[in-house]
Amino acid sequence: MRGAYSPRWRPHAPNVSERGTACAAARPRVRAGARTVGRVTNEWCGWREATERALYGPDDGFYTRPGGPGPAGHFRTSVHASPLYAGAVATLVCRVDSALGRPDELALVDVGAGRGELLTGVLAALPGEVAARLRPCAVERAARPAGLDPRIEWRGGLPAPGSVTGLLFANEWLDNVPVDVVETDADGVPRRVLVRADGTERLGAPVDGADAEWLRRWWSPAPAPEAAAGRTPDAAVERAPGAARAPSRPAAPDAAPSPGLRAEIGRPRDEAWARAVRTLRAGLAVAVDYAHERGDRPPLGTLTGFRDGREVAPVPDGSCDITAHVALDACAGPSARRLTQRAALRALGVDGRRPPLALAATDPSGYVRALSAAGAAAELTDPAGLGGFGWLVEPVGGAGADLLGAVGAA
Ligand SMILES: C[S@@+](CC[C@H](N)C(=O)[O-])C[C@H]1O[C@@H](n2cnc3c(N)ncnc32)[C@H](O)[C@@H]1O
């Protein structure tokens with residue numbers, strides 16, 4: 001079943017119609033309180049808090065519920081797409097190892113490790129001599145899965161600052177770090193979006209403080225938080241999950257923001273990434289995710305739900321994944337560089353080109369194997385799909401700045 005699932009990523013350029021019309025058409029508006037879904041608390045809160053409970057609640061969180069299928073039960077990441085991905089990470093582990101002078105103990109920390117699939121694949125792909133020195137560590141809020149390779153340490157939180165020498169890798173972690181959502185009201189004032197567990201939304205207070213500052217700096221065209229001074233929240237206009245929002249176009253940079261613009265405040269992700277990088281004493285930190293750039297943020301944001309392999313309206317009741325594209329440019333520290341997954345994997349030897357036809361005559365089964373690997377590599381490097389993901393690469397302690405070769409920044 002897993003193979004039938006698609007990645008969570010969608011091109012964000014046509015996001016307006018995806019969020020604004022497609023979802024709205026599929027779901028009628030409901031009266032507030034008319035529908036109850038899962039653990040409805042009837043309490044309004046911001047999306048960050050609602051997502052935190054929905055994804056990571058101890059008993060019934062989407063990711064943490066005991067016996068749940070894990071990420072692979074709902075969508076497909078690069079890790080699930082092909083063992084070539086773990087092979088590429090193994091190549092990167094070897095390069096980090098060389099750059100660090102082959103230490104007695106080399107850490108591989110996988111943040112947001114799912115069910116440990118990447119670590120398992122890397123252990124299988126590494127040369128025995130490197131595997132023998134590797135300390136694989138999964139950082140994951142879900143419980144350790146049964147039957148996992150006993151060499152893999154499993155922990156619920158990051159290691160202590162400065163305690164790791166090696167590679168820290170986070171594939172599709174940051175998009176699941178909960179964020180608040182803002183929306184401009186009828187006067188163009190950005191307000192925090194409040195949501196209930198059934199997905200009904202309304203606008204709350206104007207955004208201020210550090211969140212307003214983050215928006216001003218990183219979300220362009222930035223809603224103008226200072227326009228909110230002295231205003232009170234709109235009357236409680238409630239909307240069903242995925243209900244239509246207008247307009248579909250951002251205001252010109254010098255004009256007052258239009259009503260209905262949405263943005264996700266990526267500040268918790270910047271902080272989470274900075275904490276992850278700080279765990280390294282020496283080595284390389286890599287975050288891989290679907291991303292957008294300042295100046296190219298989608299006007300209606302990217303908050304989305306996924307369930308059973310399909311994109312659904314985001315409803316914070318624990319029944320679906322809740323995710324949003326990552327502002328990787330905002331997460332990047334001073335020594336970071338960014339490139340596409342296509343560029344990164346090519347630098348690590350993953351190539352989607354077909355094998356030469358002549359091989360079919362001399363080694364037919366080798367040709368079939370090479371053809372299948374080329375197909376998997378093509379999926380991982382497709383610029384319109386997984387290959388368009390962003391890699392944020394951050395060296396710590398001097399080693400590792402050039403481990404992905406002289407590839408251009410994304
Ligand atoms: C989309 S899944 C990705 C799983 C895996 N990395 C992959 O690529 O297949 C995100 C995972 O991150 C985990 N996660 C989210 N926030 C976390 C945190 N603060 N610490 C540890 N794990 C976290 C979730 O529980 C979930 O398993």
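Residues numbered from 1 in each chain as written. Predicted model: local features only at pLDDT ≥ 70, side-chain atom pairs only at ≥ 80, totals over all residues.

If you check an unreviewed UniProt entry, the protein chain appears there as SAM-dependent methyltransferase from Streptomyces angustmyceticus.

Engineer: Help me understand the overall build of the protein chain in this model?
Structural biologist: Helix and strand counts for the protein chain come out as 12 helices and 15 strands. When each of the 410 residues of the protein chain is scored for burial, the buried share is 50%. Intrachain contacts of the protein chain at a sequence separation of at least 6 include 77% that bridge at least 24 residues. (Helix = DSSP H or I, 4+ residues; strand = E, 2+ residues; numbered from the N terminus. Buried ≥ 20, exposed ≤ 12 C-beta atoms within 10 Å, placed from the backbone. Contact = placed C-beta atoms within 7 Å.)

Engineer: How do you make sense of the nonpolar core when you look at a structure like this?
Structural biologist: The nonpolar side chains of a soluble globular protein tend to be buried, and buried together. With 102 residues, the main nonpolar core has Val 89, Val 93, Leu 108, Val 122, Leu 168 and Ala 287 as its most contacted residues. It is helix α4 (residues 83–99) that contributes the most residues to this core, 10 residues altogether. Two domains share this core, each providing at least three of its residues, namely domain 1 (47–180 + 261–351 + 386–396) and domain 2 (182–217). When near neighbours in sequence (up to four residues on either side) are disregarded, Val 93 contacts Leu 108, Val 122, Leu 126, Val 130 and Leu 167. (Core = buried A, V, L, I, M, F, W, Y, C linked by C-beta atoms within 7 Å. Domains from an automatic or database assignment.)

Engineer: I'm lost on the pairing of strand β8 (residues 201–206) in this one. Help?
Structural biologist: Successive side chains on a regular strand alternate, one facing one side of the sheet and the next facing the other. When strand β7 (residues 190–195) meets β8, the two strands line up antiparallel, connected through 4 bridges. Across the sheet, residue Leu 194 finds its bridge partner in β8, namely Arg 202. Here β7 folds back onto β8, and the loop between the two strands holds 5 residues, one of which, Gly 199, carries a positive phi near 90°. (Pairing = 2+ DSSP bridges.)

Engineer: Any chance you could explain the site of the ligand here in plain terms?
Structural biologist: Taken together, the neighbourhood of the ligand is formed by 17 residues, with Tyr 63, Thr 77, Gly 112, Gly 114 and Asn 171 sitting nearest. Its residues placed into classes, the shell around the ligand shows 8 nonpolar, 6 polar and 3 charged. (Near = placed C-beta within 6 Å. Nonpolar A, V, L, I, M, F, W, Y, C, P; charged D, E, K, R; others polar.)

Engineer: How should I be thinking about helix α2 (residues 47–56) in this particular structure?
Structural biologist: In an α-helix, one turn spans 3.6 residues, which is why side chains three or four residues apart end up on the same side. All buried positions along α2 are accounted for by Trp 47, Ala 50, Thr 51, Arg 53, Ala 54 and Leu 55. Lining the buried residues of α2 we find β1 (45–46), β6 (180–184), β7 and β13 (321–323).

Engineer: Hey, could you run me through the sheet that holds strand β15 (residues 390–396) in this one?
Structural biologist: For sheets, the rule is that strands pair by backbone hydrogen bonds, running either parallel or antiparallel. Spatial strand order, β4-β3-β2-β5-β10-β15-β14: 7 strands in an open sheet with mixed pairing. The open sheet is flanked by β4 (153–155) and β14 (337–340), the only strands paired with a single partner. Averaged over all pairs of adjacent strands, the angle between strand axes in this sheet comes to 20°, irrespective of strand direction. Across 8 bridges, the pairing between strand β5 (residues 164–171) and strand β10 (residues 280–289) is parallel. Across the sheet, Thr 165 pairs through a bridge with Ala 282, a residue of β10. On top of the sheet, α4 reaches β2 (106–111), β5 and β10; it is set at about 155° to β5, its chief contact. Set on the sheet, helix α8 (residues 267–278) makes contact with β2, β5, β10 and β15; between it and β10 the angle comes to about 145°. (Axes fitted to C-alpha atoms, helices over the stretch in contact; angles between N-to-C directions.)

Engineer: Please clarify how the sheet that holds β13 should be interpreted in this entry.
Structural biologist: Strand order in the open sheet made by the 3 strands is β12-β11-β13, with antiparallel pairing throughout. Looking at which strands have only one partner, the edges of the open sheet turn out to be β12 (310–312) and β13. Pairs of neighbouring strands in the sheet enclose a mean axial angle of 35°, with direction left out of account. Pairing between strand β11 (residues 304–307) and β13: 3 bridges, direction antiparallel.

Engineer: What exactly am I supposed to notice about unusual backbone geometry here?
Structural biologist: Backbone phi values are negative for most residues with the exception of glycine, while trans is the configuration of most peptide bonds. One non-glycine residue, Glu 172, adopts positive backbone phi at about 50°. Its location among the elements puts Glu 172 in the loop between β5 and β6.

Engineer: Explain the packing of α4 against helix α5 (residues 117–125) here, please?
Structural biologist: When two helices pack together, their arrangement is given by the angle between the helix axes and the distance between those axes. α5 packs onto α4 with a crossing angle of 65° between their chain directions and a minimal axis gap of 8 Å. Classified by the interaxial angle, the pair formed by α4 and α5 is roughly perpendicular. Relative to α5, α4 is oriented so that their crossing is right-handed. Contacts from Pro 83, Ala 86, Gly 87, Val 89, Ala 90 and Val 93 in α4 reach Leu 118, Gly 121, Val 122 and Ala 125 in α5. (Parallel < 35°, antiparallel > 145°, perpendicular 65-115°, else oblique. Left-handed = near helix turned anticlockwise from the far one by under 90°.)

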